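Structural overview for review
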Amino acid sequence: MIEINYYEYYKKSKDIFSIRVELVNYAMNHGIKPTARKFGTTVKTVKKWLNAFKNKGKNNLYNKSRKPKKNPNEMLPYWKFKILDECKRLNDNNKRIRAKRIQRKLEVPYSLPTILKFIKNNGYLKIKNTKRKRIKDLREIKQKYKAFEKIQVDIKELNDISEFFSHLIDFKLPKYQFTARCVKTGAMFISYGYEKSCSNATIFIIMLLKHLKKYGLRLEGNRVQTDNGCEFTTPWNSLKKSGFTKVIEKHNKMIHRLIPPGASTYNSDVETAHRLIEEEFYSYEIFNSYDDFLNKAWKYSRYFNYKRDNSYKGGSPIKIMKKCNQNLDHRILNFKPILLDNYSNFYQKYFLKYGT
């Protein structure tokens, strides 16, 4: 009578080793045929595991891997040598190693994944930085900046914010927000305009830089970064510099940097400020008049710079600025928003001086 069905146990159990130990022990004490009947298997199976135990002991009762000891499709030593020689030549000459290029040049008769794996296993392909690693590296770079060493400037359109649109129409509010943000501290400075123009952008940067200098900031060598919009620079086929650039570079001895076309992530700090002010101010506040709008905008900018903690940067702008030990007046963060269109005549002398 069958007491243990060896094959059923083999199919269902993850611990086949233990049943084989029982089988061998029973066979040594009671014989092969009684064991075959008890375990519901064949005499041949019992002999197989009994002999395996006698030859190498208990360890020989485990399942053996069916993986072939030698891969018939393994790359031949000749091609390994050729590929490694080419990789060494490229590496010594500081050239980029590309598996596809090596495959074509040497006419290697193996698939691209096989070549790529071989090159990678031999340490010739650098592992690309993950997004988390790139963000960490970028944070470390930003930590080394001084306060206001790098300022990002951009323009935000306000007429596409549904919660704000009715106020914009009712009180004839400006359509554009001109924003500057310090990369180190996260401080935000804003003003407004009815026109998205180079003249308004230039007035904004003049007003902001005058404000920063008033409270003791040395601007020489610091950077202002913008996108390639016509408000900040001249067309691609022009060799001249815009009024915005001239005010930064000639009058204030700073550097104007343009981000690569379409690379909006380069201005991520100011873009983040745009997202935050839309969520916390434009889509939240209720405005009763034009003056009420400007007053609340000034109030929000003070809140943003003096009280609002930024977990990414590690505190509010005022706290980060104080940690920089630059002895800057705290009033430097209190920049009152203005309507830039009203100042075009007042700053006409600047436009004439810099040829704008």
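Residues numbered from 1 in each chain as written. Predicted model: local features only at pLDDT ≥ 70, side-chain atom pairs only at ≥ 80, totals over all residues. Heavy atoms only, no water.

Brief notes about the overall build of the protein
A tally of helices and strands in the protein yields 15 helices and five strands. Burial status across the protein gives 42% buried among its 356 residues. Taking contacts inside the protein between residues at least 6 apart in sequence as the whole, the part at least 24 apart equals 64%. Summing over all exposed atoms, the protein offers an accessible surface of approximately 22,400 Å²; the carbon and sulfur share of this is 50%. (Helix = DSSP H or I, 4+ residues; strand = E, 2+ residues; numbered from the N terminus. Buried < 20%, exposed > 50% of the residue type's maximum accessible area, 1.4 Å probe, protein only. Contact = heavy atoms within 4.5 Å. Areas by Shrake-Rupley, 256 points an atom, 1.4 Å probe, with all protein chains shown as cover.)

Things to note about the pattern of salt bridges
Inspection of every chain in the model, using the stated rule, returns 13 salt bridges. Linking Lys241 and Glu249 is a salt bridge whose minimum nitrogen-to-oxygen distance equals 2.7 Å. Judged by relative accessible area, which is 48%, Lys241 ranks as partly exposed. Put simply, Asp292 and Lys296 hold a salt bridge, and the shortest N to O gap is 3.4 Å. (Salt bridge = Lys/Arg side-chain N within 4 Å of Asp/Glu carboxyl O.)

Thoughts on the packing of helix α3 (residues 32–39) against helix α4 (residues 43–56)
Axis angle and axis distance: for two packed helices, these are the angle between their axes and the distance between the axes, and together they describe the pair. Contact geometry for α3 and α4: axes closest at 8 Å, N-to-C directions at 110°. Considering the angle they form, α3 stands roughly perpendicular to α4. When the axes of α3 and α4 are compared, the crossing they make is right-handed. Across from Ile32, Lys33, Thr35 and Ala36 in α3, the residues of α4 making contact are Val43, Val46, Lys47 and Leu50. Residues of the contact of α3 with α4, tallied by class, amount to five nonpolar, one polar and two charged. (Axes fitted to C-alpha atoms, helices over the stretch in contact; angles between N-to-C directions. Parallel < 35°, antiparallel > 145°, perpendicular 65-115°, else oblique. Left-handed = near helix turned anticlockwise from the far one by under 90°. Nonpolar A, V, L, I, M, F, W, Y, C, P; charged D, E, K, R; others polar.)

Quick word on the pairing of strand β4 (residues 223–226)
Both strand β1 (residues 150–157) and β4 contribute to a ladder of three bridges, which runs parallel. Looking at the pairing, Lys150 lines up with Arg223 of β4. Sheet topology note: the β4/strand β5 (residues 255–258) ladder contains four bridges and is parallel. Paired with Gln225 across the bridge in β5 is Arg257. (Pairing = 2+ DSSP bridges.)

Remarks on the side chain of His274
With respect to the helices and strands, the residue His274 is situated in helix α12 (residues 268–282). The exposure class of His274 is buried, given its relative accessible area of 5%. Once residues lying within four places of it in the same chain are set aside, the contact partners of His274 are Asp154, Ile155, Lys156, Gln177 and Thr179.

Some words on the environment of Ala201
With respect to the secondary-structure elements, Ala201 resides in helix α10 (residues 198–214). Separated by 23 residues in sequence, Ala201 and Phe178 place their C-alpha atoms 7.1 Å apart. Once you skip the residues sitting within four places of it in the chain, Ala201 turns out to touch Phe178, Glu231, Phe232 and Phe244.

Here we look at α10
The first and last C-alpha atoms of α10 sit 24 Å apart over 17 residues, in line with the 24 Å expected at 1.5 Å per residue. Judged by how many residues are buried, α10 sits mostly within the fold: twelve of 17 residues are covered. Those residues of α10 that fall on the buried side of the exposure criterion are Asn200, Ala201, Thr202, Ile203, Phe204, Ile205, Ile206, Met207, Leu208, Leu209, His211 and Leu212. Backbone geometry just downstream of α10 places Gly216 in the positive-phi region, at approximately 90°. (Expected span 1.5 Å × (residues − 1).)

Focus on the pairing of β1
With seven of eight residues buried, β1 is to be regarded as a mostly interior element. One ladder, built from seven bridges, connects β1 with strand β2 (residues 176–182); its direction is antiparallel. Residue Val153 lies in a different strand from β2, and its bridge partner there is Ala180.

Details of the environment of Asp227
The topology assignment puts Asp227 in the loop between β4 and α11 (243–251). By relative accessible area, which is 23% here, Asp227 ends up partly exposed. When the C-alpha positions of Asp227 and Pro261 are compared, they lie 7.3 Å apart, and in sequence the two are 34 residues distant. Dropping the residues within four chain positions of it, Asp227 is found in contact with Asp154, Phe232, Leu258, Ile259 and Asn267. From its side chain, Asp227 meets the backbone nitrogen of Gly229 in a polar contact 3.0 Å long. (Polar contact = N/O pair within 3.5 Å; in protein donor to acceptor, adjacent residues only side chain to side chain.)

Quick look at the sheet that holds β5
Pairing is mixed in the open sheet, where five strands are placed in the order β3-β2-β1-β4-β5. The outermost strands of the open sheet, each flanked by one partner alone, are β3 (188–193) and β5. Each strand axis lies, on average, 25° off the axis of its neighbour in the sheet, ignoring direction. Contacts between α12 and the sheet are confined to β1, β2 and β3, with β1 contributing the most and set at about 45° to the helix.

Structural notes on a positive patch on the surface
A contiguous patch of positive charge on the surface is contributed by Lys44, Lys48, Lys56 and Lys64. Mapped onto the secondary structure, Lys44 falls in helix α4. (Patch = residues over 30% accessible without salt bridge, like charges linked within 9 Å, V, L, I, M, F, W, Y side chains within 5 Å. Lys, Arg positive; Asp, Glu negative; His and termini not counted. Charge placed at Lys NZ, Arg CZ, Asp CG, Glu CD.)

Re the packing of aromatic side chains
Counted under the stated rule, the structure contains 18 aromatic pairs. Taking 5.8 Å as the distance between ring centres and 90° as the angle between the ring planes, the aromatic pair formed by Phe164 and Phe287 counts as edge-to-face. Taken together, the positions of Phe164 in helix α9 (residues 162–170) and Phe287 in the loop between α12 and α13 (290–306) put the pair 123 residues apart, joining distant regions of the chain. Like Phe287, Phe164 is buried. The interplanar angle of 75° and the centroid separation of 6.4 Å between the aromatic rings of Phe204 and Phe335 together place this pair among those described as edge-to-face. (Phe/Tyr/Trp six-rings, centres within 6.5 Å; stacked < 30°, edge-to-face > 60°.)

Keep in mind these numbers describe shape, not what the thing actually does.
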